[in-house]
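These are the residues of each chain, in order.
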Amino acid sequence: MKIWLNDIEYTLADNWKQVPADRVMGLLRLAHEQPMTERSKLDALQLINPIPPRIFRKLVPWQVNELLQTLDWVWEKKKEGRPCTHFEHRGVMYYTPMPQFRTTTFAEYLTGVAYLFQAYYDTDTPRELSASRLVATLCRPMPPDLNRLAPQWSGDEREPFNEHVVEIRAKEFLDLPTGILAAIVQYFVDELKWLYESYDVFDDPIPKRNTPVEAAGEYDWRDQLMEMKNLRYVVAEERIFGTVPEVMKAPVNEVFDALERIKNKETGGRPATSNPQTYDEAD
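Residues numbered from 1 in each chain as written. Predicted model: local features only at pLDDT ≥ 70, side-chain atom pairs only at ≥ 80, totals over all residues. Heavy atoms only, no water.

Engineer: Is there a simple way to explain the packing of aromatic side chains in this structure?
Structural biologist: When we look at a pair of aromatic rings, we describe it by the centre distance and by the angle of the planes. Counted according to the given criterion, the structure contains 14 aromatic pairs. On the basis of an interplanar angle of 80 degrees and a centroid distance of 6.3 Å, the ring pair of F101 and F188 is categorised as edge-to-face. Within this pair, whereas F101 is found in the loop between β4 (92-95) and α5 (106-121), its partner F188 is found in helix α8 (residues 178-198), the two being separated by 87 residues in sequence. Relative to F256, the ring of Y199 lies with its centre 5.9 Å away and its plane at 65 degrees, an arrangement referred to as edge-to-face. Residue Y199 is found in the loop between α8 and α9 (213-216), and its partner F256 is found in helix α12 (residues 252-266); the two are separated by 57 residues along the sequence. Accessibility assignment for this pair places Y199 and F256 in one class, buried. Put simply, the rings of F101, F106, Y109, F188, W194, Y196, Y199 and F256 pair up and form one aromatic cluster. (Phe/Tyr/Trp six-rings, centres within 6.5 Å; stacked < 30°, edge-to-face > 60°. Helix = DSSP H or I, 4+ residues; strand = E, 2+ residues; numbered from the N terminus. Buried < 20%, exposed > 50% of the residue type's maximum accessible area, 1.4 Å probe, protein only.)

Structure (structure tokens):
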């Protein structure tokens with residue numbers, strides 16, 4: 001979107017593709033944690049404002065208000081659920097996770113959450129680097145020897161998750177188009193919300209949408225992440241899947257189902273029944 005002030009042209013982003021790479025995660029965090037209000041839109045404008053401060057300060061209220069009305073798109077979603085089955089980047093085809101964590105292991109889930117928290121709250125690590133690590137965790141190429149008829153095939157078209165590959169592959173995603181990056185992060189956050197609403201494992205694992213940014217800055221994400229990581233030991237002690245490494249390889253839905261049953265058992269509640277799930281393929 002072109003804006004003219006004092007005969008000087010400025011470009012204000014009107015979609016995710018136009019947002020600078022180092023501002024995407026900050027803008028996504030704002031959209032996820034705050035409802036759309038004049039205050040939150042002003043915060044969004046401050047993140048991506050192309051107008052120099054000395055000129056912006058001279059704008060009258062009605063001019064600022066007109067700028068704010070152009071930012072509704074930050075809170076809009078063009079498509080719910082899995083944004084795409086795959087995308088191509090630098091000549092390589094990368095496949096996205098199946099809906100409702102159908103083929104996601106507990107290790108992949110923990111790693112994804114760690115990088116999401118890092119991108120949102122860690123001020124010491126460049127957000128674009130944390131975001132590229134998150135994409136490298138979730139989106140992986142198809143293995144060359146994939147056999148869909150093999151009895152042991154899990155339904156996952158991505159190569160097996162390997163945390164040691166993430167750091168190397170993340171460098172390939174530093175120039176990933178911001179539209180793709182935003183869509184994948186939005187999808188992952190929506191999947192996390194589904195997971196936490198479906199299983200009664202712990203309270204408030206991520207800040208609520210209505211949490212003000214100032215309060216969200218005080219969110220103790222490191223302690224929350226450590227609590228999530230410690231869940232693997234809880235399940236391993238019950239010998240449900242075996243050792244800790246075996247728990248990490250187990251499907252995240254099955255681990256959460258086990259955790260919910262353990263919690264109900266400890267609190268004297270009735271064992272939880274399995275959650276009915278339906279999986280919708282992306283178009």
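Structure's up, so let's keep going.
Engineer: Help me understand the pairing of strand β1 (residues 2-5) in this model?
Structural biologist: If a strand is regular, its side chains alternate between the two faces of the sheet. The alternating pattern of β1 places I3 and L5 on a buried face, while none of K2 and W4, on the opposite face, is buried. Inspection of the sheet shows β1 paired to strand β2 (residues 8-11) by four bridges, in the antiparallel sense. Pairing of K2 across the sheet is with T11, part of β2. Between the end of β1 and the start of β2, which pair antiparallel, lie two residues, with N6 showing a positive phi angle near 55 degrees. (Pairing = 2+ DSSP bridges.)

Engineer: Please explain the packing of helix α2 (residues 38-48) against helix α4 (residues 61-68) as it appears in this structure.
Structural biologist: Two quantities define a packed helix pair, namely the angle between the helix axes and the distance between the axes. In the contact formed by α2 and α4, the axes pass within 9 Å of each other and the chain directions differ by 85 degrees. Relative to α4, the element α2 is oriented roughly perpendicular. Counting all contacts with α2, which are made through E38, K41, L42 and L45, the residues of α4 involved are V64, N65, L67 and L68. Residues that form the contact of α2 with α4 fall into these classes: five nonpolar, one polar and two charged. (Axes fitted to C-alpha atoms, helices over the stretch in contact; angles between N-to-C directions. Parallel < 35°, antiparallel > 145°, perpendicular 65-115°, else oblique. Contact = heavy atoms within 4.5 Å. Nonpolar A, V, L, I, M, F, W, Y, C, P; charged D, E, K, R; others polar.)

Engineer: Would you take a moment to explain α12 for this structure?
Structural biologist: Turn by turn, an α-helix covers 3.6 residues, leaving residues three or four places apart pointing in a common direction. Taking 1.5 Å of rise per residue, 15 residues should cover 21 Å, and α12 covers 21 Å from first to last C-alpha, within 8% of that figure. Within the sequence span of α12, burial applies to V252, N253, V255, F256, D257, A258, L259, E260, I262 and N264. Tucked into the core, α12 has its buried residues touching α5, α8, α10 (221-237) and α11 (244-249). (Expected span 1.5 Å × (residues − 1).)

Engineer: Quick question: what am I supposed to make of the layout of surface pockets here?
Structural biologist: The rolling of a water-molecule-sized probe over the atoms marks out the regions of remaining empty space. Estimates place the volume of the largest pocket at around 860 Å³. Those elements that place two or more of their residues in the lining of the largest pocket are α5, α7 (163-170), α10 and α11. Broken down by class, the residue content of the lining of the largest pocket amounts to 16 nonpolar, eight polar and 11 charged. (1 Å grid on protein atoms, 1.4 Å probe; cavity = no way out; pocket = protein on both sides within 12 Å on 5 of 7 lines; lining within 4 Å. Points joined across faces, edges and corners; volume = space filled by probe spheres on them.)

Engineer: How do you make sense of the pattern of salt bridges when you look at a structure like this?
Structural biologist: Pairs can form between side chains of opposite charge whenever their charged atoms are close. Summed over the entire model, instances satisfying the criterion amount to 17 salt bridges. A salt bridge links R23 to D22; its shortest N-O distance comes to 3.7 Å. Owing to a relative accessible area of 39%, D22 belongs among the partly exposed residues under this scheme. The salt bridge partner of R140 is D156, with a shortest N-O separation of 3.7 Å. (Salt bridge = Lys/Arg side-chain N within 4 Å of Asp/Glu carboxyl O.)

Engineer: Honestly, the nonpolar core in this entry has me stumped. Any pointers?
Structural biologist: Within soluble globular proteins, side chains that are nonpolar tend to cluster in buried spots. Ranked by internal contacts, the top residues of the largest apolar core, which has 78 residues, are F106 and Y109. Setting aside residues no more than four positions away along its own chain, F106 makes contact with M228, L231, R232, V247, M248, A250, P251, V252, V255 and F256. (Core = buried A, V, L, I, M, F, W, Y, C linked by side-chain atoms within 4.5 Å.)

Engineer: Can you help me understand the packing of α5 against helix α6 (residues 127-138) in this one?
Structural biologist: Their axes nearest at 8 Å, the elements α5 and α6 cross at an angle of 165 degrees. The orientation of α5 relative to α6 falls into the category roughly antiparallel. Crossing handedness for the pair α5 and α6: left-handed. Only R127, S130, A131, R133, L134, T137 and L138 of α6 make contact with α5, whose side of the interface consists of E108, T111, G112, Y115, L116, Q118, A119 and Y120. Here the residues of the contact of α5 with α6 sort into seven nonpolar, five polar and three charged. (Left-handed = near helix turned anticlockwise from the far one by under 90°.)

Engineer: Would you mind going over the state of the cysteines with me for this structure?
Structural biologist: A covalent bond between the sulfur atoms of two cysteines is referred to as a disulfide. Taken as a whole and judged by the stated rule, the model has zero disulfides. Free cysteine C84: the closest other cysteine sulfur is in C139, separated by 7.3 Å. Looking at C84, the relative accessible area reads 22%, which means it is partly exposed. For C139, a relative accessible area of 0% gives the class buried. (Disulfide = S-S within 2.5 Å.)

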